[in-house]
Amino acid sequence: MHSSSCDSFLLDALNLLQHLFAGPDQGCPEMLSTDLPAFATAHADRDDTCGRALVELAAALPTPDGAEAFCRELEPEYVRLFVSSLGGVAAPPYHSCHPAPHSGGEARMMGPPARRMAERLRASGLDTDPGGPPPDHLCVELEYLSLLLESGSGESAAEARALAGEMLDWTSRFGRAVAKADAHPFYSSACLLLSACLDAVATLPPAATQPLKPTG
């Protein structure tokens, strides 16, 4: 039985999720046929929510010889869910597009969550790429969360817990939007792993401040 204490699994899983939600790219077949199955196998005995979500994600994978076709299948689905669709993007991967119901905020790009995240990044000495995704894009937030965990300081650990809690709040609505869109099982499972990992980080004990290093 694994606890939700800070370990390298979380950092590896967050890096994996960052890759998955960045979309299928040239490295997609190798990731799906080699990297992700190897990661799932290495943690097959992890009897917690993260481990079970990882097992479900691995179950959605194709056989190794079908990885290239599977990646081609994911490409239009990724676009439909997260980028562009005639009927409207089903689940835009931006915090600003999933405001809390009680906040009274409008679901729109570059809203207050994007400005808050930009301030976070600037306060940490990190610049956002003008040509890159908005600061509240899921992958940007995942990358920053990983950096906080790698730092290992008490202050960074506290910020990681706070950020993971905020992400858990909006990505719960993001995940429901993915489910409502009748998404491919691969992306539905990725959302489950995302939720499980964010919950694990948000509930890290204060003593878990040692720096993490990815194992991969």
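Look up: the structure comes first, before these words.
A. Region of interest: helix 4 (residues 67–83). When the terminal C-alpha atoms of helix 4 are compared, their 22 Å separation across 17 residues agrees well with the 24 Å that a helix rising 1.5 Å per residue should span. Glu77 marks the point of greatest bend in helix 4, at about 25 degrees. What helix 4 keeps buried is the set Ala67, Phe70, Cys71, Leu74, Glu77, Tyr78, Leu81 and Phe82. On its buried side, helix 4 packs onto helix 1 (8–20), helix 2 (28–42), helix 7 (154–180) and helix 8 (185–202).

B. Broad picture of the nonpolar core. Membership of the largest hydrophobic core comes to 59 residues, with the highest contact counts inside it found for Phe21, Leu32, Phe174 and Phe186. Contributions of two or more residues to this core are made by helix 1, helix 2, helix 3 (49–59), helix 4, helix 5 (112–123), helix 6 (138–151), helix 7 and helix 8. The leading source of residues in this core is helix 8, at 11 residues. In this structure, Phe186 is in contact with Leu20, Leu32, Leu36, Leu57, Ala60, Leu61, Phe70 and Leu74, ignoring residues within four places of it in sequence.

C. Region of the structure containing the state of the cysteines. Taken as a whole and judged by the stated rule, the model has 1 disulfide. For Cys28, the disulfide goes to Cys71, at an S-S distance of 2.0 Å. Judged by the torsion about the S-S bond (-90 degrees), the Cys28/Cys71 disulfide is left-handed. Here Cys71 lies in helix 4 and Cys28 lies in helix 2, a separation of 43 residues in the sequence.

Scoring rules and cut-offs
- Residues numbered from 1 in each chain as written.
- Predicted model: local features only at pLDDT ≥ 70, side-chain atom pairs only at ≥ 80, totals over all residues.
- Heavy atoms only, no water.
- Helix = DSSP H or I, 4+ residues; strand = E, 2+ residues; numbered from the N terminus.
- Expected span 1.5 Å × (residues − 1).
- Bend = angle between axes of the 7 residues up to and from the residue.
- Buried < 20%, exposed > 50% of the residue type's maximum accessible area, 1.4 Å probe, protein only.
- Contact = heavy atoms within 4.5 Å.
- Core = buried A, V, L, I, M, F, W, Y, C linked by side-chain atoms within 4.5 Å.
- Disulfide = S-S within 2.5 Å.

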